[in-house]
Amino acid sequence: QVQLVESGGGLVQPGGSLRVSCAASGSIRIIYGMGWYRQAPGKQRELVARENSVGGTNYADSVKGRFTISRDNAKNTVYLQMNSLEPEDTAVYYCYAQVRVVGGSLHDYWGQGTQVTVSS
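Residues numbered from 1 in each chain as written. Predicted model: local features only at pLDDT ≥ 70, side-chain atom pairs only at ≥ 80, totals over all residues. Heavy atoms only, no water.

Draft legend 1. Quick peek at the overall build of the protein. When you go through the protein residue by residue, the secondary structure sums to 0 helices and 11 strands. Counting helices and strands in the order they occur from the N terminus, the protein gives β-β-β-β-β-β-β-β-β-β-β. Computed over its C-alpha atoms, the radius of gyration of the protein comes to 14 Å, within 12% of the 14 Å expected for a compact globule of 120 residues. Oriented by its inertia axes, the alpha-carbon framework of the protein measures out at about 50 × 25 × 25 Å. Pairs at least 24 residues apart make up 55% of the contacts formed inside the protein by residues separated by at least 6 positions. Here the protein has roughly 6200 Å² of accessible surface; of this, 46% comes from carbon and sulfur atoms. (Helix = DSSP H or I, 4+ residues; strand = E, 2+ residues; numbered from the N terminus. Rg over C-alpha atoms; globule rule 2.2 N^0.38 Å. Contact = heavy atoms within 4.5 Å. Areas by Shrake-Rupley, 256 points an atom, 1.4 Å probe, with all protein chains shown as cover.)

Draft legend 2. The arrangement of the sheet that holds strand 7 (residues 67-72) in detail. Pairing is antiparallel across the open sheet formed by 4 strands, whose spatial order is 1-3-8-7. Every interior strand has two partners, whereas the edge strands, strand 1 (2-7) and strand 7, have only one. The mean angle between the axes of side-by-side strands here comes to 15°, regardless of whether they run parallel or antiparallel. Pairing geometry for strand 7 and strand 8 (residues 77-82), over 6 bridges, is antiparallel. Paired with Ile69 across the strands is Leu80, a residue of strand 8. (Pairing = 2+ DSSP bridges. Axes fitted to C-alpha atoms, helices over the stretch in contact; angles between N-to-C directions.)

Draft legend 3. Seen up close, the nonpolar core. Grouped together as the largest cluster of nonpolar side chains are 31 residues, with contacts concentrated most on Trp36, Leu80, Met82 and Tyr93. For this core, the elements supplying multiple residues, two or more each, are strand 1, strand 3 (18-26), strand 4 (28-39), strand 5 (46-51), strand 7, strand 8, strand 9 (91-101) and strand 11 (114-118). If one sorts the elements of this core by residue count, strand 9 sits on top with 6 residues. Once you skip the residues sitting within four places of it in the chain, Leu80 turns out to touch Leu18, Arg19, Val20, Trp36, Val48, Ala49, Phe67, Thr68, Ile69 and Tyr93. (Core = buried A, V, L, I, M, F, W, Y, C linked by side-chain atoms within 4.5 Å. Buried < 20%, exposed > 50% of the residue type's maximum accessible area, 1.4 Å probe, protein only.)

Draft legend 4. Representation of the packing of aromatic side chains in the model. Per the counting criterion, the structure on display carries 3 aromatic pairs. Between Tyr37 and Trp110, the ring centres sit 5.1 Å apart and the planes meet at 70°, which makes this aromatic pair edge-to-face. You can see Tyr37 sitting in strand 4 and its partner Trp110 sitting in strand 10 (residues 106-110), a full 73 residues away along the chain. With centroids separated by 5.2 Å and ring planes inclined at 55°, the aromatic side chains of Tyr96 and Trp110 adopt a geometry described as tilted. Of this pair, Tyr96 sits in strand 9 while Trp110 sits in strand 10, placing them 14 residues apart in sequence. According to the relative accessible area criterion, Tyr96 is buried, its value standing at 14%. (Phe/Tyr/Trp six-rings, centres within 6.5 Å; stacked < 30°, edge-to-face > 60°.)

Draft legend 5. Here's a closer look at unusual backbone geometry. A positive phi is found at Asn76, a non-glycine position, where the angle reads about 50°. In the Ramachandran plot, Ser84 falls in the positive-phi region, its phi being about 50° despite a non-glycine side chain.

Draft legend 6. The arrangement of the pairing of strand 3 in detail. Relative to strand 3, strand 1 is paired through 6 bridges, and the arrangement is antiparallel. The residue bridging Val5 from the neighbouring strand is Ala23, located in strand 3.

Draft legend 7. Structural context of the pairing of strand 7. Because side chains alternate across strand 7, one face comprises the buried residues Phe67, Ile69 and Arg71, and the other comprises Thr68, Ser70 and Asp72, none of which is buried. The loop that links strand 7 with its antiparallel partner strand 8 comprises 4 residues; one of these, Asn76, has a positive phi angle of about 50°.

The following block contains the structure:
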């Protein structure tokens, strides 16, 4: 099927920057939306940013102006550049992709998650 592998999480001080990446591989015909969600301890998973197949993006209000999502369609990879990080951004960040697989069916896939911790 399809696998999403995230990388780039870690520990950063408040005000710092971090970039996380997510590469999709497997039986991919076309990827439609790709994006990032996050889940902090004791909270529900929430949308951070997503980008559709033609470059349209939307962001959570809490990250607008600080985070930037981008895609490299040739590499089936989505990135999230996070600047001016705040302790409230601490969470597990999950990659998401809506994929039409080789067999023709449409599926949603999730990565395993990468921890981002913002702390001094």
